[in-house]
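Survey of secondary and tertiary structure
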Amino acid sequence: MKTVFMVAEKPSLAQSIARILSRGSMSSRKGLNGTCSVYEYPGTFAGQPVRFKMTSVCGHVMTLDFLGKYNKWDKVDPAELFSQAPTEKKEANPKLNMVKFLQVEGRGSDCIVLWLDCDKEGENICFEVLDAVLPVMNQAHGGEQTVFRARFSSITDTDICAAMARLGEPDHNEALSVDARQELDLRIGCAFTRFQTKYFQGKYGNLDSSLISFGPCQTPTLGFCVERHDKIQSFKPETYWVLQAKVDVDKDRSLLLDWDRVRVFDREIAQMFLNMTKLEKEAQVEATSRKEKAKQRPLALNTVEMLRVASSALGMGPQHAMQTAERLYTQGYISYPRTETTHYPESFDLKGPLRQQANHPYWADTVKQLLAAGINRPRKGHDAGDHPPITPMKAATEAELGGEAWRLYEYITRHFIATVSHDCKYLQSSVSFRVGPERFTCTGFTEIMPWQSVPLEESLPTCQKGDTLAVAEVKLLEKQTSPPDYLTEAELITLMEKHGIGTDASIPVHINNICQRNYVVVESGRRLKPTNLGIVLVHGYYKIDAELVLPTIRSAVEKQLNLIAQGRADFRQVLGHTLDVFKRKFHYFVDSIAGMDELMEVSFSPLAATGKPLSRCGKCHRFMKYIQAKPSRLHCSHCDETYTLPQNGTIKLYKELRCPLDDFELVLWSSGSRGKSYPLCPYCSNHPPFRDMKKGTGCNECTHPSCQHSLSMLGIGQCVECESGVLVLDPTSGPKWRVACNRCNVVAHCFENAHRVRVSAETCASCEAALLDVDFNKAKSPLPGDGTQHTGCVFCDPVFQELVELKHAASCHPMHRGPGRRQGRGRGRGRRPAGKPGPRRPKDKMSALAAYFV
């Protein structure tokens, strides 16, 4: 029997699709990566009985990156990244072992059906999956098709079964357009980011941003925010005057009338009009009108409009709104949330989704009326040729979804109901008055059939031409023109869509990036206010090369990428031409950086004038200043040297102790009282003295053979969780002693209230980990009798096992997470003598320390 291998984009999608196609009769098991499940069931395919095997990936399988030395900022000129630096596809998440997982599950399959999301990114992931699976599939005979693509817009029985019945092929051109965008963003973004980050962080101490990033889409996005800021700053208010009249309708009611001239900017003229009207006692009705007006129902909902309303009306940031919409989609509540289309095709079943809402407690009556009277065909919108508009696919309640997911779902549903309703009709009534020689008007509304609220004014009195009302007062109001406000996220999304910056999927990412980089801050009303750093960067780009920040050049690139997707442009030609343009711009930017630097000098302080004295430099023996603003670092103004420090923790002087190699005073990094801490030498951390020591590490990874702070002296044994790190004693942690992994965020709290803990030169006979010498407090000693001293293995000794509690550190810098090669003797300290075996984990991995994992 043949096997059909099927792959979805997310584990939850795989489960839903398999459940629909198997009609619930399927077996399931976890895959080797522990994240993706595999579902199997019998069925028919192309008229033959087959065994279906369904699983998923977790987004992109591969990511693009530079090779080898080109990933090291201090080893490569950023200009080389445009053309000379080779790139390769690496696993996007190595911990998932996705390529191996796909090959194990897909081995021996006869056909593959790709259920990835139906957009350009989805097409790109299709070919990432194929690159992994095709080499291990059975070879086709007679040129028969073995690769199939399922296209669907919602997770409903009807849509999934229909997609399975009309399988197509993946679109290679759309996948290539994504490859082109990835390579352009990598090469251009990294070149500019590396140069300006190193240049400005080497000169200024209070930038408060760990990365001075540039992005072909990110930077024009920031440009829109700064452009609005500049308009606000350059705005000069003007004074104007408004004539306001109030008339009495009866004893308890009065009306304010709007002046037909609206306003005047000359005080003397305004005073003249006031003098002409203020003595009048009556306002005469000159005309009345009553007109029926209509407010059009909305166009069908696309991604950009959903993000706009989520920000302006629901107070949800674009990225959070997109993530929430994706969860609603994978759970089957709405159709695919990434679409540019605002037009329903003629074949779309509008009544089906509407019937799903017929018993909803909030809008059942409206839906039943529409179904009974006949729905109104939605307005003709834009058909982008991708997915249908965002549509609710099944009913949900607030209790079912909860919180922000419910609010977004409610908006999507109400919007859909509005698109098939009649236009909002209302009566507009107006009365024109004359007070002396001047005319005034009052307007009001009456609702007839609303789907969207219309502001209601006070109801107007019943008047006829020639009637008069008593004038209560006429006065002159002095006002000033006001500047525009800062851009809201909704307004920014509109500008990005208008100028072709980003796609419906990437717009939220670009907005989130400028917030994360500290270029803008989100204020009340979801308004984006640029920071000093964001303002100076944009002004600097304008000063050097305005095209770096204007939307024009990126918009042109997006058009070329779309041509690749349509098969109308050559991938290599577009890539080569665009990189050549930006390479020339980069060289000009580097040569002209002094122009931006002049602006930086005005807004930021030099390194020498920033920070507080902390530790002594090993070269000049003067105090270096600790700069706490991101990225935290030490700066020696005498030597003009800067040393980066681990981030996301606190730094303090470490007992005025010095490194035996370079005489720099050691500092202590800590993530908190219940987290991990370790000493480090600023110089060794930035210039590793040993080949097996990585840049940015502390003494807990230094293999100096005799330094009392090094891994060689304080290392105990292999980490019980990550297998690439070593558990190291934290000598500063007493009396609440800790042992922490020097790679991952595992922390073992042990021997509380012990007087002293030190690492012995002896090793455990069972696991070869270093033994610990512990001197306990006599009053709280766990030892029998009056014993206070004990030497044993933290893994194997039954006395110690009861005193160890393993946790994850409260916070952890990314440098602790990376995989690495372990150097160590039997206990993971120093270099291992030839012929001596390395450290072993306890025989039972869940025993010893791991047994106390919480």
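Going by the structure above, here's the rest.
Starting afresh in each chain, residues are numbered from 1 along the sequence in its written order. Reporting of local features is limited, given that this is a predicted model, to residues whose pLDDT is at least 70; pairs of side-chain atoms are given and counted only at 80 or more, and all residues count toward the totals for whole chains, interfaces and linings. Hydrogens and waters are ignored; side-chain quantities use all the structure's heavy atoms.

Secondary structure counts use DSSP, requiring at least four H or I residues in a row for a helix and at least two E residues in a row for a strand, with both numbered from the N terminus. Each helix and strand counted, the chain has 22 helices and 31 strands in total. Principal axes of the C-alpha set define a box for the chain whose edges measure 110 × 80 × 65 Å. Remark: exposure states derive from per-residue accessible area (1.4 Å probe, protein chains only) relative to the maximum for the residue type, with buried under 20%, exposed over 50%, and partly exposed in between. Residues classed as buried in the chain amount to 51% of the 854 residues present. Residue contacts follow a heavy-atom distance rule, with two residues in contact if any of their heavy atoms lie within 4.5 Å. Across the chain, every contact between residues at least 6 apart in sequence was considered, and the portion connecting residues at least 24 apart equals 66%. Summed over all atoms, the accessible surface of the chain reaches about 39600 Å², with 48% contributed by carbon and sulfur. The protein chains shown are the only cover counted for residues, whose accessible areas, like all others here, come from Shrake-Rupley with a 1.4 Å probe.

By the secondary structure assignment, Gln-323 is in helix α9 (residues 318–330). Separated by 14 residues in the primary sequence, Gln-323 and Pro-337 have C-alpha atoms spaced 9.7 Å apart.

It is worth spelling out the sheet that holds strand β29 (residues 770–775) at this point. Note on pairing: DSSP must find at least two bridges between two strands before they are called paired. With respect to topology, three strands assemble into an open sheet ordered β28-β29-β30, the strand pairing being antiparallel. Each of the sheet's edge strands pairs with one partner strand only, and the pair in question is β28 (756–763) and β30 (789–792). Here the strands of the sheet are splayed against their neighbours by 20° on average, with no regard to which way each runs. Relative to β29, β28 runs antiparallel, the two being bridged by five bridges. Working convention: axes come from line fits to C-alpha atoms, limited for helices to the stretch in contact. Angles between N-to-C directions cover 0 to 180 degrees.

The pairing of strand β17 (residues 612–616) with strand β18 (residues 623–627) spans four bridges and is classified as antiparallel. Looking at β18, one finds that Ser-615 is bridged to Met-624. Taken together, β17 and the strand that follows it, β18, pair antiparallel across an intervening segment of six residues, in which His-621 is found at a positive phi of about 65°.

Attention now goes to unusual backbone geometry. Residue Lys-630 is joined to Pro-631 through a cis peptide bond whose omega torsion reads -10°. Within the secondary structure, Pro-631 is located in the loop between β18 and β19 (633–636). Of note, the bond from Gly-734 into Pro-735 is cis; its omega dihedral lies within 30 degrees of zero at 10°. In this fold, Pro-735 is placed in the loop between β25 (726–730) and β26 (738–741). We note that Lys-655 has phi near 60°; this positive angle belongs to a residue other than glycine. Mapped onto the elements of the fold, Lys-655 is located in strand β21 (residues 650–658).

Working definition: rings of Phe, Tyr and Trp (its six-membered ring) pair if their centres are within 6.5 Å, and the pair is stacked with planes under 30 degrees apart, edge-to-face with planes over 60 apart, and tilted otherwise. Enumeration according to the criterion identifies 32 aromatic pairs in this entry. A ring pair is formed by Phe-82 and Phe-586, whose centres lie 5.4 Å apart and whose planes are at 50°; its orientation type is tilted. Here Phe-82 is found in the loop between β5 (62–66) and β6 (87–91), whereas its partner Phe-586 is found in helix α18 (residues 571–591), with 504 residues between them in sequence. A network of ring pairs unites the aromatic residues Phe-82, Phe-192, Phe-195, Tyr-199, Phe-200, Tyr-204, Phe-214, Tyr-541, Phe-586 and Phe-589 as a single cluster. A cation over a ring is seen here: Arg-263 above Tyr-240, with NZ or CZ 4.7 Å from the ring centre. The residue whose ring lies beneath Lys-394 is Tyr-333, and the NZ or CZ to ring-centre distance is 4.7 Å. Whether a charge lies above a ring is judged from NZ of Lys or CZ of Arg, which has to be within 6 Å of the ring centre and within 35 degrees of the ring normal.

Moving on: the packing of helix α8 (residues 303–312) against α9. Running from N to C, α8 and α9 cross one another at 120°; their axes reach a closest spacing of 9 Å. Here α8 is positioned oblique relative to α9, judged by the angle of their axes. Crossing geometry of α8 relative to α9 is assigned as right-handed. Listed contacts from α9 to Thr-303, Met-306, Leu-307 and Ala-310 of α8 are Pro-318, Ala-321, Met-322 and Ala-325. Oblique is the label for every angle not falling under 35 degrees (roughly parallel), over 145 degrees (roughly antiparallel), or within 65 to 115 degrees (roughly perpendicular). In this scheme the handedness of a crossing depends on how the near helix is turned from the far one: anticlockwise by less than a right angle means left-handed, clockwise means right-handed.

Attention shifts here to helix α14 (residues 489–499). For α14, the full list of buried residues reads Glu-489, Ala-490, Leu-492, Ile-493 and Met-496. End-on view of α14: buried residues confined to an arc of 160°, all on one side of the axis. Buried residues along α14 sit against α6 (218–234), α8, α9, α15 (507–516), β15 (520–523) and β16 (527–530). Phi for Gly-500, located one or two positions after α14, is positive at around 70°. The reported arc concerns the directions from the helix axis to the C-beta atoms and nothing else.

A separate point is the sheet that holds strand β20 (residues 641–644). The four strands lie next to each other as β17-β18-β19-β20, forming an open sheet whose pairing is antiparallel. Because the sheet does not close on itself, it has two edges, and the strands there are β17 and β20. The average undirected angle you get between the axes of adjacent strands in this sheet is 35°.

Turning to the side chain of Thr-156, a few remarks are in order. Relative to the helices and strands, Thr-156 is located in the loop between β8 (147–149) and α4 (157–165). By relative accessible area, Thr-156 is classed as buried at 17%. Any pair of nitrogen or oxygen atoms within 3.5 Å is treated as a polar contact; in protein, a donor-acceptor pairing is required on top of that, and neighbouring residues in sequence qualify only through side-chain atoms on both sides. A distance of 3.2 Å separates a polar side-chain atom of Thr-156 from the backbone nitrogen of Asp-159. If we ignore the near neighbours within four places in the chain, the residues touching Thr-156 are Ile-20 and Met-393.

The next point concerns the pairing of β25. For β25, the tally of buried residues reaches five of five residues, placing the bulk of the element in the interior. Along β25, one buried face is formed by Val-726, Val-728 and Asp-730 and the opposite face, lined by Leu-727 and Leu-729, is buried too. The pairing of strand β24 (residues 715–718) with β25 spans three bridges and is classified as antiparallel. Residue pairing for β25: Gly-715 is matched across the bridge by Val-728.

For the rest of this paragraph, the subject is the pattern of salt bridges. Think of a salt bridge as a Lys or Arg side-chain nitrogen and an Asp or Glu carboxyl oxygen that are within 4 Å of each other. Across all of its chains, the model carries 41 salt bridges by this definition. Close ionic contact of Glu-473 with Lys-246 constitutes a salt bridge, the shortest N to O distance being 3.9 Å. A residue pair is termed long-range when its members are at least 10 positions apart, and Glu-473 in strand β14 (residues 468–480) and Lys-246 in strand β9 (residues 239–250) qualify at 227 residues. Relative accessible area serves as the criterion here: at 32%, Glu-473 is assigned to the partly exposed category. On the accessibility criterion, Lys-246 (26% relative accessible area) is partly exposed.

Looking at soluble globular proteins, one finds that nonpolar side chains tend to be buried together. Put simply, a nonpolar core is a bunch of buried Ala, Val, Leu, Ile, Met, Phe, Trp, Tyr and Cys residues held in one set by side-chain atoms that sit within 4.5 Å of each other. Grouped together as the largest cluster of nonpolar side chains are 122 residues, with contacts concentrated most on Met-6 and Trp-115. Counting 34 residues, the second-largest nonpolar core is a separate cluster that includes Val-728, Ala-748, Ala-769 and Ala-770.

Moving on: the state of the cysteines. Our working definition of a disulfide is a cysteine sulfur pair at a distance within 2.5 Å. In this structure the tally under the stated criterion is zero disulfides. The thiol of Cys-744 is unpaired, and the distance to the nearest cysteine sulfur, on Cys-741, comes to 3.6 Å. The class of Cys-744 is buried, set by a relative accessible area of 11%. In this model Cys-793 remains outside any disulfide bridge; the closest cysteine sulfur is found in Cys-767, 3.6 Å from its own. The class of Cys-793 is buried, set by a relative accessible area of 4%.

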